[in-house]
Amino acid sequence: MGLHVKTLGMRDWRNFGEKSIDFADGMTILAGRNAVGKTNTVEALQMLTAGVTFRKAKPSQQVREDCAAAKISARLEGDGRVIDVSCEVEGKRRRFFKNGKKCSSQDLPETLMSVLFNPDDLSFVKRGASYRRDELDSFGRQANRGYAKVLSAYLRSVEQRNRLLKEDYPDLALLDAWDASVSLGGATLLAARLRLFDRLRHYLRDIYREIATGEELDCRYVSSLGEDLGARTRDELCDLFARKLEEGRQDDLRRQQTLVGPQRDDIAFTIDGRDARAYGSQGQQRSIVLAWKMAEVRLSQEVVGEQPLLLLDDVMSELDEDRRDAMTRFVQSGIQTVVTTTNLGYFPEELLLDAKVVRIDE
Ligand SMILES: Nc1ncnc2c1ncn2[C@@H]1O[C@H](COP(=O)(O)OP(=O)(O)OP(=O)(O)O)[C@@H](O)[C@H]1O
């Protein structure tokens with residue numbers, strides 16, 4: 001058994017005073033009424049694996065009301081290894097530790113990655129493009145430290161270019177300089193994104209075929225820079241981007257923002273050749289996100305050589321029987337899973353037999 005979470009400790013984290021939870025190697029079900037802290041527990045597990053959380057909360061929001069600081073820690077075990085990771089939250093800061101030594105949040109996914117699936121994700125196909133970009137980028141950030149750097153450097157330079165565009169009389173020489181930096185950073189990000197996307201797409205199509213028998217899913221990276229970018233080198237992407245910025249400069253100046261680039265891109269899905277966003281049923285759209293998350297699990301295994309931790313926050317109740325069965329088969333393939341629920345009735349008998357049930361109460 002690869003690396004997995006053995007125990008989690010929380011002190012003054014969210015609604016918890018002092019809390020410790022032991023996890024099974026396979027599935028652990030956190031059961032309890034609304035607002036007892038199930039999602040808060042999932043958030044702690046995500047923080048200690050991904051290094052960031054889906055809630056994008058400020059540090060102060062994670063500290064228990066009226067307390068000065070919070071600490072969460074996890075013991076990871078597997079293949080004869082024992083690794084302790086922890087995070088201390090105080091004031092505006094979070095400090096991360098691995099085996100007692102200070103580390104960066106980026107070091108955590110290198111140890112153990114996680115894939116989170118929650119009810120918000122169910123509208124993945126229908127929501128705005130930024131959700132799909134974020135999903136890809138959040139995964140990329142965990143899978144590759146370089147990805148995180150490239151992404152934040154690029155977003156910073158776009159922000160600075162936008163700031164210049166908002167000035168009353170933008171300095172055009174300065175704008176030239178920002179164009180060069182934005183196109184180089186953007187091309188680097190785009191090349192990394194396209195590589196990642198391609199690998200996910202490969203898994204996604206196979207997994208979807210298993211979930212929705214007989215249907216063919218495909219997806220396409222839709223770039224504001226044009227079609228079929230996959231075959232281009234980073235330098236070619238950089239030239240293309242620089243040209244687009246030049247062509248679009250008057251529009252950018254008028255609208256006071258950078259209108260092309262990876263910050264505007266999207267992912268489009270088709271089922272049997274038809275646009276899944278416009279024509280897909282709700283069930284089909286849910287199968288897509290289910291398959292997408294499973295593809296992330298498969299790809300993390302490939303990237304870090306280790307099964308990630310799968311976090312399912314309150315999704316079983318949202319899936320119909322077929323998709324619940326697909327999820328059941330998937331988690332039974334031996335991946336460590338933590339799932340929250342208010343009602344154990346949503347779980348197939350066979351899953352309950354194998355799972356460890358932890359009751360969370362106030
Ligand atoms: N910093 C904090 N200090 C104290 N309590 C907090 C803090 N942050 C969140 N809470 C409380 O935690 C509770 C929510 O917990 P959580 O989101 O984990 O619920 P849950 O068990 O997942 O419930 P549901 O089943 O409704 O999703 C709320 O009552 C909220 O007020």
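Look up a bit, the structure's there.
Residues numbered from 1 in each chain as written. Predicted model: local features only at pLDDT ≥ 70, side-chain atom pairs only at ≥ 80, totals over all residues. Heavy atoms only, no water.

## Some remarks on the site of the ligand
Right, on to step 1. Contacts to the ligand come from 16 residues, most closely from Asn34, Ala35, Lys38, Thr39 and Asn40.
Right, on to step 2. One of the backbone nitrogen or oxygen atoms of arginine 14 is found 3.2 Å away from a nitrogen atom of the ligand.
Right, on to step 3. Contact between the ligand and glycine 37: an oxygen atom at 2.9 Å from a main-chain N or O atom of the residue.
Right, on to step 4. Within the complex, 70% of the 660 Å² of free accessible area of the ligand lies under protein.
Right, on to step 5. Here the shell around the ligand gets three residues from one element, more than from any other, and that element is helix α1 (residues 38–47).
Right, on to step 6. In the shell around the ligand, the residues fall into three nonpolar, seven polar and six charged. (Near = heavy atom within 4 Å. Polar contact = N/O pair within 3.5 Å; in protein donor to acceptor, adjacent residues only side chain to side chain. Areas by Shrake-Rupley, 256 points an atom, 1.4 Å probe, with all protein chains shown as cover. Helix = DSSP H or I, 4+ residues; strand = E, 2+ residues; numbered from the N terminus. Nonpolar A, V, L, I, M, F, W, Y, C, P; charged D, E, K, R; others polar.)

## Regarding unusual backbone geometry
Right, on to step 1. Backbone geometry places arginine 14, a non-glycine residue, at a positive phi of 50 degrees.
Right, on to step 2. Backbone geometry at aspartate 272 places phi at a positive 45 degrees, although glycine is not the residue there.
Right, on to step 3. Here aspartate 272 is to be found in the loop between β10 (266–271) and β11 (274–275).
Right, on to step 4. Classification of aspartate 272 as partly exposed rests on a relative accessible area of 49%. (Buried < 20%, exposed > 50% of the residue type's maximum accessible area, 1.4 Å probe, protein only.)

## Section: the packing of aromatic side chains
Right, on to step 1. One pass over the full model with this rule turns up five aromatic pairs.
Right, on to step 2. With a centroid separation of 6.0 Å and an interplanar angle of 85 degrees, the aromatic rings of phenylalanine 269 and tryptophan 292 are classed as edge-to-face. Placement of phenylalanine 269 in strand β10 and of tryptophan 292 in helix α10 (residues 282–304) is noted, with a sequence separation of 23 residues between them.
Right, on to step 3. For phenylalanine 269, a relative accessible area of 3% puts it in the buried group.
Right, on to step 4. With relative accessibility at 1%, the residue tryptophan 292 sits in the buried group.
Right, on to step 5. Ring pairing ties together the aromatic residues Phe124, Phe269 and Trp292, which thus form one cluster.
Right, on to step 6. A cation over a ring is seen here: arginine 127 above tyrosine 131, with NZ or CZ 3.5 Å from the ring centre.
Right, on to step 7. A cation over an aromatic ring shows up here: arginine 274 above the ring of tyrosine 279, its NZ or CZ 4.4 Å from the ring centre. (Phe/Tyr/Trp six-rings, centres within 6.5 Å; stacked < 30°, edge-to-face > 60°. Lys NZ or Arg CZ within 6 Å of the ring centre and 35° of its normal.)

## Considerations on the side chain of lysine 293
Right, on to step 1. Counting through the fold element by element, lysine 293 comes out in helix α10.
Right, on to step 2. Excluding anything up to four places from it in sequence, lysine 293 contacts Val115, Leu116, Phe117, Asp121 and Glu135. (Contact = heavy atoms within 4.5 Å.)

## As for the sheet that holds strand β8 (residues 114–117)
Right, on to step 1. With parallel pairing, the five strands of this open sheet are ordered in space as β8-β12-β13-β3-β14. The open sheet has two free edges, formed respectively by β8 and β14 (356–359), since each of these has just one partner strand. Averaged over all neighbouring strand pairs, the angle between strand axes comes to 15 degrees, with direction disregarded.
Right, on to step 2. Here strand β12 (residues 309–313) pairs with strand β13 (residues 337–341) via four bridges, running parallel. Looking across to β13, one finds that leucine 312 is bridged to valine 339. (Pairing = 2+ DSSP bridges. Axes fitted to C-alpha atoms, helices over the stretch in contact; angles between N-to-C directions.)

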